[in-house]
Structure formats: C-alpha cells, structure tokens
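Residues per chain, in single letters:
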Amino acid sequence: MHSILQNSVHKAFSHPPDGYQHVLKVGLFGIGLDTYWPQFEGLKQRLSGYLQFVEQSLGKPYTSVINLGVIDNAQQAIKAGHQFRQADVEIIFIYATTYALSATVLPVVRRLGVPVVILNLSPEPAIDYARINSMNDRTRMTGEWLAFCGSCPVPEIMNVLKRSGIAAYQVTGMLYGDPVVWEQTDEWIEASRVANSMSYNNLGLLGNYYNGMLDIYSDPTLQLITFGGNVTILEVDELSALREAVGIVAIQDRVSEFYERFDIQADCSIYELERAARTSVALDQLVDRHALGSLAYYHKGTGNPSNEDTMSSIILGTSLLTARGIPVAGEYEIKNVQAMKIMDSFGVGGSFTEYYAMDYTDDVILMGHDGPGHIQIAQGKTKVRPLEVYHGKVGSGLSVEMSVRNGPITMLSVVETIAGKLMLLVAEGESVEGPILEIGNTNSRYRFSPGARAFVELWNGHGPAHHCAVGIGHIGSRLKKLGEILRIEVVQIC
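(A) How the structure looks around the overall build of the protein chain. Across its full length, the protein chain carries 18 helices and 19 strands. The principal-axis extents of the C-alpha atoms in the protein chain amount to approximately 90 × 50 × 45 Å. Partitioning the contacts of the protein chain with sequence separation of at least 6, the portion at a separation of at least 24 is 79%. Carbon and sulfur atoms provide 51% of the accessible area of the protein chain, an area that totals close to 20300 Å².

Okay, here's the thing in structure tokens:
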C-alpha cells in the first residue's frame, strides 16, 4: 500500500527534489515493556515484526532510517538517545507497539532537539473478539490483547513530551492498508527533508533592492536564524566579467537550448537571443562558482553599459535556473525567493507572482510577474517575446510568457511580522483556463474558494509583501508540518 501511494504522488519535475544531495537521517524505535516478554511468549518478536514493516514504509531514496528496535527499559532509552545524537537524526518516529512506560521515551528524545512523531497504529482494523474469547488460556488471551494495546501509552507520552517542551505529533490509524497513515508519515518526512534542504541552501544576493518597495526589504540574518543556510553577497560586476569571457560556441549551444526549452516567437531577433544566451551561460558559471541554491537579484545598471547589457538580458537564463531547482526572484525579493525555494524543494514549483488585476465577471484573480518564470510548471511551452521596454525598469530585451498549469495550486508567502519573526501564509486554489494578457510576462487566472473579492482581503489582511510563490498541487498540510518543524507560525486562509 505504501509503495502504491508513494508512486501516485504527483511531482512537477523530473529532477530530484531541489537537487537534493543530503541524506535525511530518520530515527525510528518501537516501545514496549520488558516485564511482558517472559510473561507472553512470542509477543516481542511479533511487535518487532510490525516495527520492521514501519521501517520499510518510511524508507525513501533520500532517507536513511536508523531503527534501534523495540526499547523496553530506561537504560536502553538512555543509550538510544546517545546513538541518535551521534547519527544526527532530523526527525524521530516512535511506534507505540503496546503499553510502555514514558521513561522509555523521554531519555531518547530529550536532548535531540528534533520533532517527534508518535505512530499510534493498530495491526488490524479491530480485535477478533470471538477468536480471542474462545481461547481457554487467559494468559494467551492477554498476550493477544497487548499486541493491540499501542494506543494505551500515547497520552502518557504526549503528556511528558509536552511538559518537556518537545515538539510532538501523532499519526493515528492502522498499520496495514491505511493510506492516510502513510500519507501523513510521508508528509512529515517531506517537510523534514525541505527543512533540511533550507538549512543547507546558499542564497545568492545580486545587486540591490528596487528603490522604494518598502514591503520587500528584509533582514537576511532573520532568514538564516529561521531557515538556516547561508547568504552570499554578489556583485553584478562579477557576472558582467564572466559574461564578457563567454565564447561563441557556448553562446550558439545555449541558443539551441533556448529553442528546445522555449517557444521562441518569430519576432525574436538572433541578436537578442545571443545576448540572452551569453548572460545565461555566465549565470550558470556564477551559480557553480559560488555553489548557489537560489538567487535574488535586481540592478538598474545605468551608467555602466556592461552591467546594463547584463541585467537587461537575464530573464531567459534565470528562467532556466529556476527550472532546474535554483529559483531566482527579481526585484531583490529575499523573502519570496525563500518561498520559491520551499515550494521547489517540495517538488511543486514556485513561480514568482503578484496581483495583476481582478476579473469580477469570472470571479478570478489575474496574477503573474515580469522576469523569470518556472517553466517546469507551465501550461504548455513557455513563449519568449521581445519587449521594447521593461515596464518600471531600465532596458529592453527578451521576456517569457507563461501560465501556470491548469489545476490545483498553492500560494506561499514568507511574511515578516510586527513581532520581528517570520510566518508562512498559505492559500490553496485553482489555476483555470481563460484569456490572459499576452504582454510577455508570466500570467495566470486563479480561483479561490472564498471568491476573488474576499480572497484578496483575507490574504492582504495578514500583511504579506506584494510578491508570493505559486506551485502546482495542494500542499497546505505539508507546509503546516514544515512550520511545526521550523517552529514558525503557518496561516492557511483557504
């Protein structure tokens, strides 16, 4: 059942989640009571078999499950805590196999500082009362019951963990044939992987803020405190220097790639395609040189012809980077590139977006942005159009035009609160068919359950910056779990 469910989960891209290179260490142990084993023959072996099934079900290509077996006394628990710390686990799953003392749990997790998920899983939908009651041996009957008694210690464990300030959560259901259980465990692992990915991410900051956009100004230190990772401050001059050194063969190869990846419109000149190709190759070199996992940029380039040439030809290259798991946000939008990285790490995209207009006739909101788009989640092939002017910016050149794939979508904004903390603002909706403005920008029509009028007031009421990230599919529950892991507030308005 677990493998069937796993294979059915929709992923937007063919590349591994966000180019993920780090193995996620998942800790697992079962709990029991050592007093039972000599009393009830075969009980420990039976419960250990259930635990092996859990281990198999938690396994993924990018996880390493450290299974310490059934822990049944406090001395084992102390030892297990040291083993998990040495293994540097990112999340702990506790399978409550039968009644167990909370003293077998607290020493394991007390110093780990990672989220704990208690698996309250029954081996069958219900006890076979008639079969057990027909046994003549009440010891055997009790042993059978104890194999179904995993829910008994869960309140005791939750009590102790909550009082200890340890983040503890529950997954309740059946061990076998219960897709909800494995969907929930998958979400916890996915959220842990994304949190881990953010903690390794190297965010590049190229240029400077768009002058006057007060809502997007952000504290990079706060981002690192909340998500982890690193920030690398970059100079546009470095990109321009790399660009000057790009050879003609590399330019021609990149132009050929443009024709493969994009729908190049007939009015795009070879001059502009080669200009964009030169910048795209240089961008790749910049990303490789600094091992960047994401990038926020903006620079007018006025007064310096080399820099102006660079920054006015950047859109196709940044779109290709975004498509391969290195999201790029324009206007130096640090908060939003973090949102884009989160969405991309979940494998659902994360395209740079803002309000365009309201359509009260169809009760939808038009949303998009100039600059890079996430072409992996586009409805059809992304068009490339020449623009004589970049509205609100300096220069002219090629731009991308796309709509996000029709179907369910999730919007995410990383919001800086009045308390000086970060929160995640989430909305689930739908990308719908219909006319868009063919102006050479990303542009989609979104419908939300509260309706367009109510939605914008709900969303705006939480004080986000005017940019957000849009991905395909509904992943609100995953984002909530990520918030729990990062210990930040998550608000989902629909």
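Structure shown, so let's carry the discussion forward.
(B) Molecular detail of the pairing of strand 17 (residues 442–447). Where burial is concerned, most of strand 17 is hidden: five out of the six residues are buried. Across two bridges, strand 16 (residues 422–431) lies against strand 17 in antiparallel orientation. Considered in strand 17, the bridge of S431 is made with Y446.

(C) A look at the packing of helix 12 (residues 248–261) against helix 15 (residues 315–323). Two elements in contact, helix 12 and helix 15, have axes separated by 12 Å at closest approach and are oriented at 65°. As helix 12 runs across helix 15, the sense of the crossing is left-handed. Together, R254, E257, F258 and R261 of helix 12 and L316, L320 and A323 of helix 15 make up the contact between the two elements. A breakdown of the residues in the contact of helix 12 with helix 15 according to their chemical character gives four nonpolar, no polar and three charged.

(D) Focus on the sheet that holds strand 10 (residues 328–329). One open sheet holds the four strands; their spatial order is 7-6-9-10, and the pairing between them is parallel. In this open sheet, the two strands that pair with only one neighbour each are strand 7 (230–234) and strand 10. One ladder, built from two bridges, connects strand 9 (residues 294–298) with strand 10; its direction is parallel. Each residue of the ladder has a partner; that of L295, found in strand 10, is V328. Most of the contacts of helix 16 (residues 334–345) go to strand 9, to which it runs at about 150°, and overall it touches strand 6 (202–207), strand 9 and strand 10.

(E) Fine view of the nonpolar core. Counting 96 residues, the largest nonpolar core has F93, I342 and F455 as its most contacted members. Not counting the four nearest positions on each side in its chain, I342 is found in contact with V194, M198, F227, L412, L424, L479 and L482. Formed by 36 residues, the second largest nonpolar core is a distinct cluster that contains L242, C268, Y297 and I314.

(F) Quick peek at empty space enclosed by the protein. With the rule as written, the count across this model stands at three cavities of 30 Å³ or more. Taken as a whole, the second largest cavity holds about 40 Å³ of empty space. Every residue along the wall of the second largest cavity is listed here: S351, F352, T353, M367, G368, M402, V404, T442, N443, S444 and Y446. The set of elements that each furnish at least two residues to the lining of the second largest cavity consists of strand 11 (349–359), strand 12 (364–369) and strand 17. A per-element tally of the lining of the second largest cavity places strand 17 first, with four residues. Among the residues making up the lining of the second largest cavity, the classes are represented as five nonpolar, six polar and no charged.

(G) How the structure looks around the sheet that holds strand 8 (residues 263–264). On the basis of which strands lie adjacent, the open sheet formed by three strands has the order 8-13-14 and mixed pairing. Sheet topology places strand 8 and strand 14 (397–401) at the edges, where each strand pairs with a single neighbour. Both strand 8 and strand 13 (residues 383–387) contribute to a ladder of two bridges, which runs parallel. Among the inter-strand pairings, I264 is bridged to a residue of strand 13, identified as V384. Each of strand 13 and strand 14 touches helix 15; the most contacted strand, strand 14, lies at about 35° to it.

(H) Quick look at the layout of surface pockets. One number sums up the size of the largest pocket: a volume of about 370 Å³. Along the walls of the largest pocket sit 22 residues, with E90, G113, V114, P115 and I485 positioned nearest its centre. Those elements that provide at least two residues to the lining of the largest pocket are helix 9 (179–200) and helix 18 (476–486). Broken down by class, the residue content of the lining of the largest pocket amounts to 11 nonpolar, five polar and six charged.

(I) Seen up close, the pattern of salt bridges. A full pass over the atoms with the stated rule returns 21 salt bridges. Here R478 and E187 are joined by a salt bridge, their closest N and O atoms 3.1 Å apart. Pair noted here: R478 is in helix 18 and E187 is in helix 9, with a separation of 291 residues, a long-range link. Exposure class is identical for R478 and E187. Each is buried. Its salt-bridge partner being R254, residue D284 comes within 2.9 Å of it at the nearest N-O pair.

(J) Spotlight on the packing of aromatic side chains. Tallying each qualifying case throughout the model produces 13 aromatic pairs. Judged by centre distance (5.9 Å) and plane angle (25°), the ring pair of F455 and W459 falls under stacked. Of this pair, F455 and W459 both sit in helix 17 (residues 452–460), four residues apart, roughly one helical turn. Taken individually, F455 and W459 each receive the classification buried, so the pair is uniform in this respect. Here the aromatic cluster, defined as three or more aromatic residues joined through ring pairs, consists of Y50, F53, Y176 and W182. Between the NZ or CZ atom of R193 and the centre of the ring of Y62, over which it lies, the distance is 5.2 Å. Lying across the ring of W188, K481 places its NZ or CZ 5.5 Å from the centre.

(K) Representation of helix 10 (residues 220–227) within the structure. Burial in helix 10 covers these residues: L222, Q223, T226 and F227. Buried residues of helix 10 fall within an arc of 105° about the axis and therefore sit on the same side. At its buried positions, helix 10 is contacted by helix 9, helix 16, strand 15 (407–416), strand 16 and helix 18. One side-chain oxygen of the residue at the start of helix 10 lies 2.9 Å from the amide nitrogen of T221, identifying that residue as D219. Downstream of helix 10 by one or two residues, G228 has phi in the positive range, about 80°.

Quick notes on the rules
Residues numbered from 1 in each chain as written. Predicted model: local features only at pLDDT ≥ 70, side-chain atom pairs only at ≥ 80, totals over all residues. Heavy atoms only, no water. Helix = DSSP H or I, 4+ residues; strand = E, 2+ residues; numbered from the N terminus. Contact = heavy atoms within 4.5 Å. Areas by Shrake-Rupley, 256 points an atom, 1.4 Å probe, with all protein chains shown as cover. Buried < 20%, exposed > 50% of the residue type's maximum accessible area, 1.4 Å probe, protein only. Pairing = 2+ DSSP bridges. Axes fitted to C-alpha atoms, helices over the stretch in contact; angles between N-to-C directions. Left-handed = near helix turned anticlockwise from the far one by under 90°. Nonpolar A, V, L, I, M, F, W, Y, C, P; charged D, E, K, R; others polar. Core = buried A, V, L, I, M, F, W, Y, C linked by side-chain atoms within 4.5 Å. 1 Å grid on protein atoms, 1.4 Å probe; cavity = no way out; pocket = protein on both sides within 12 Å on 5 of 7 lines; lining within 4 Å. Points joined across faces, edges and corners; volume = space filled by probe spheres on them. Salt bridge = Lys/Arg side-chain N within 4 Å of Asp/Glu carboxyl O. Phe/Tyr/Trp six-rings, centres within 6.5 Å; stacked < 30°, edge-to-face > 60°. Lys NZ or Arg CZ within 6 Å of the ring centre and 35° of its normal. Arc of directions from axis to C-beta. Polar contact = N/O pair within 3.5 Å; in protein donor to acceptor, adjacent residues only side chain to side chain.

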